[in-house]
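One-letter residues, chain by chain:
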Protein chains: 2
Amino acid sequence: MLQFGKIAIIGAGNVSYTLCKLLKNKGIEPFYVLVRDSEKAKTMHEDLGVEVVSSYEKVLESDLTIIAVKDDVISEVATHLVDYKGLVVHTSGTKSSELLNKSKRYGVFYPLQTMSKKREISFDEIPLLIYANSSDDVESLSRFAKQFSNKVVLCDDDQRKAIHLAAVYVSNFTNVMLGIGDKLLKKNGIALDVMRPLVMEMMQKSFEISPEKALTGPARRGDFATIGEHEKMLSDNPDELAIYMILTDYIIENYQKNEKL
Amino acid sequence: MLQFGKIAIIGAGNVSYTLCKLLKNKGIEPFYVLVRDSEKAKTMHEDLGVEVVSSYEKVLESDLTIIAVKDDVISEVATHLVDYKGLVVHTSGTKSSELLNKSKRYGVFYPLQTMSKKREISFDEIPLLIYANSSDDVESLSRFAKQFSNKVVLCDDDQRKAIHLAAVYVSNFTNVMLGIGDKLLKKNGIALDVMRPLVMEMMQKSFEISPEKALTGPARRGDFATIGEHEKMLSDNPDELAIYMILTDYIIENYQKNEKL
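What this report covers is the structure whose coordinates are included nearby. Worth saying up front: this structure is predicted, and the values here are computed from it rather than measured. (Residues numbered from 1 in each chain as written. Chains lettered and ligands numbered in written order. Predicted model: local features only at pLDDT ≥ 70, side-chain atom pairs only at ≥ 80, totals over all residues. Heavy atoms only, no water.)

1. Quick notes on the overall build of chain A
Stage number 1. In terms of regular secondary structure, chain A is built from 10 helices and eight strands.
Stage number 2. Relative to its full complement of 261 residues, chain A shows a buried share of 56%.
Stage number 3. When contacts within chain A are restricted to residue pairs at least 6 apart in sequence, long-range pairs at least 24 apart make up 54% of them.
Stage number 4. Each charge class in chain A was averaged separately, 33 positive and 37 negative side chains, and the resulting centres sit 2 Å apart. (Helix = DSSP H or I, 4+ residues; strand = E, 2+ residues; numbered from the N terminus. Buried < 20%, exposed > 50% of the residue type's maximum accessible area, 1.4 Å probe, protein only. Contact = heavy atoms within 4.5 Å. Lys, Arg positive; Asp, Glu negative; His and termini not counted. Charge placed at Lys NZ, Arg CZ, Asp CG, Glu CD.)

Next comes the structure, spelled out in C-alpha cells:
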C-alpha cells in the first residue's frame, strides 16, 4: 500500500493540534483524532472542525496512526494497538521506535520544529524525520510526509536521538541565552527587541558560513580586558556569571584565536 | 550645526568598511577614510572607490570623525584629535566615551550589528546607539544616524555597556550553541542545516512572545529521563556535557516547571 486511506491521530497537545490543522488544510481525509479528556476534545473539535473520538474503535480501523502524546505516555497508548493492522508511528524526538514493536508495523514521524497551538508555521521547509520497520512502510510514510514538507529525511533511532540532543543546544539553550540577555537589559530599562536584527543576522550568518566562522566577540578575539569588565558587571548575577565563564573558556579553548575575525 | 559637511572615517576593519559602503550608497560626501596600512588602503580604495588618506590632515578639516578601529587603539587615535574642532565619535560597544574627552566635542556611534566585509546587510533596522557630550551634538548625530536607520537610540555609556554584555549572550553564546550542535550532528553524518527552520522559528518566537514563554525542551518540562539519556550520550564530550549540565540546572532553577508548555 502506497497511500494511507484513513488516518488516526492520538493526542491533544501542540503536535497533534498542528498535525490536525495541517491535514485539514491539505484536504487529507478522513481522519480521526482520539482525545481522552472531554474538555480538550470539545476545544479541538470546535477550534479545528475535526472529528474527535474517545475510544480506540475508529483508530483500529485506520491505516496510519500517529501517536502525538507526551513521551512517557507512548508505551501505554501502544498497548491498545497490539492487534493493529495499520502502520503506527510516534512523533517523539527522543523515544526509540521499539516502544511500538508490539504492533507489527511501526515507525516514527518526527517534525523537527517547535510548535504551539497559537502560532501558524509553514510546514514546507520543516524537516520531517521518518522511520519505519519495513521498506514498504518507509516508502508509504515518505510519500505521506512529502505532502507536507520538502525535507523528508529517513533517520534511524540513533540519528534522531543525536538530532534531538543537538536541538537542545541550538533551540533550548540559545533561547536561554536570549532569556539572560533579556534579564540584563531589563535591569537597564532596555527592551530585548533592540537585539533582534543582531540575533537574526548572526543566526543566518552561522548557517551560511558555519558557526565557527561567524563567531565574533571578546572571547573569540582574546580580549581579556572586556571579559574582565563583563565579569565585574555580572558580580550580582552569580548564575549568569558562571555561564559567562564556562562559555568564554569554551570559546578560548576550542576556537583558534589567531584567526582573522 | 545640524548637518555635518565633511566626514572622516578612521580604520580599515569591518565596521569602517561597512560604514564607507553605506555613505557611498547614500551619496553622502565628501568623506575620507584614514588608513595607515598602505595595502589595506589600496584594497579599500579599489573595492569601494572611496578617497583614502594616510595622514590626519584631512581628518582635522572634517566636521565629523568616526573612529572605527579596534578597541585598544582608540586612545592612541584620540591623541591625534586633541585640537580637533569637529565632533569625534568611536564605534565601540564597550569603551567609554570618555576615552575621547581630550577633544572638546565627543561621543559614540555604535551600530548594534555583526559586520563582515563580504556580507551585505540592510542598515534600516539596525539599532544605532548614539551619544554625544552636548545636546547640540546629540541632535546633529541623531539626524546623521537617521539617514541610515529607523532605530536611532540615545544611550549613555552604562546602557551601551549593558547592551554589549547582553549581546555576548544573545549573539556570541547563541552562536556557540550552534557550534556545539554542529559538532554533535557531524559525528552522526548530519548537516547543521537540518536545524535551520527550528532555530529561526525559535528565535522569532522568543522575540515575539518572550524567551521565557517560548522555551521548551526536557529541562523546561522537568523530563529527567531524557536529561539522563542526553548526559550519557555526551560522555565522550566532557566540555559539552559541562555546558549541558550548567544550562539544564539554570533552566530548572529559573523557570517555572509547572507552567503549561
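Next comes the rest of the write-up.
2. Observations concerning the pattern of salt bridges
Residue and element names in this part refer to chain B.
Stage number 1. Throughout the structure, instances matching the rule amount to 26 salt bridges over all chains.
Stage number 2. Among the salt bridges present, the one from Lys-42 reaches Glu-46, with a minimum N-O distance of 4.0 Å. One end of the pair is Lys-42 and the other is Glu-46, both in helix H2 (residues 38-48) and four residues apart, which spans about a single turn.
Stage number 3. The exposed category is assigned to Lys-42, whose relative accessible area is 54%. (Salt bridge = Lys/Arg side-chain N within 4 Å of Asp/Glu carboxyl O.)

3. Examining the side chain of His-164 of chain A
Stage number 1. Here His-164 of chain A lies in helix H6 (residues 157-186).
Stage number 2. Residues contacting His-164 of chain A, with those up to four places away along its chain left out, are Gly-93, Thr-94 and Tyr-110 of chain A together with Thr-226 and His-230 of chain B.

4. Some thoughts on the interface of chain A and chain B
Accessible area lost upon the coming together of the parts is a frequently used measure of interface size.
Stage number 1. The interface of chain A with chain B comprises 88 residues on the first partner and 88 residues on the second.
Stage number 2. Around 8,700 Å² of area is buried between chain A and chain B when both sides are counted, 68% of it from carbon and sulfur atoms.
Stage number 3. Contact with chain B buries area across many residues of chain A, yet Arg-119, Tyr-169 and Phe-207 of chain A alone supply 9% of it, more than any other trio.
Stage number 4. In this structure, the connection of chain A to chain B is made through eight salt bridges.
Stage number 5. Looking at the side of chain A that touches chain B, the elements with two or more residues in it are H6, helix H7 (196-209), helix H8 (211-214), helix H9 (224-233) and helix H10 (238-254) of chain A.
Stage number 6. In terms of residue class, the side of chain A that touches chain B is built from 47 nonpolar, 22 polar and 19 charged. (Buried area = accessible area lost by both parts, 1.4 Å probe. Nonpolar A, V, L, I, M, F, W, Y, C, P; charged D, E, K, R; others polar.)

5. What to know about the pairing of strand E6 (residues 105-111) of chain B
Remark: a regular strand shows side chains that alternate across the two faces of the sheet.
Residues and elements named next belong to chain B.
Stage number 1. Taken across its seven residues, E6 has seven buried, putting it largely inside the fold.
Stage number 2. On E6, burial covers both faces: Arg-105, Gly-107, Phe-109 and Pro-111 on one face and Tyr-106, Val-108 and Tyr-110 on the other are all buried.
Stage number 3. Pairing analysis gives four bridges linking strand E5 (residues 87-90) to E6, with the strands arranged parallel. Residue pairing for E6: His-90 is matched across the bridge by Val-108.
Stage number 4. Relative to strand E7 (residues 128-132), E6 is paired through five bridges, and the arrangement is antiparallel. What sits directly across from Gly-107, in E7, is Ala-132. (Pairing = 2+ DSSP bridges.)

6. Topic: the sheet that holds strand E3 (residues 51-53) of chain A
Residues and elements named next belong to chain A.
Stage number 1. The mixed open sheet is built from eight strands, whose spatial order is E3-E2-E1-E4-E5-E6-E7-E8. Of all the strands in the sheet, just E3 and strand E8 (152-154) have a single pairing partner and so form its edges. Going across the sheet, the axis of each strand differs from the next one's by a mean of 25 degrees, ignoring polarity.
Stage number 2. Where strand E7 (residues 128-132) and E8 come together, three bridges link them in parallel fashion. For Leu-128, the partnering residue across the bridge sits in E8 and is Val-152. (Axes fitted to C-alpha atoms, helices over the stretch in contact; angles between N-to-C directions.)

7. Quick notes on the relation of the copies chain A and chain B
Stage number 1. Overlay of chain A on chain B (RMSD 0.0 Å): rotation 180 degrees, translation along the axis 0.0 Å. Within this description, the copies of the chain are treated as partners about a two-fold rotation axis. If distances are taken from each C-alpha of chain A to the rotation axis, the shortest is found for Thr-174 of chain A, at 2.3 Å.
Stage number 2. The share of interface residues of chain A whose copies in chain B are also at the interface is 100%, consistent with both copies meeting through the same surface. (Least-squares fit on C-alpha atoms with pLDDT ≥ 70 in both.)

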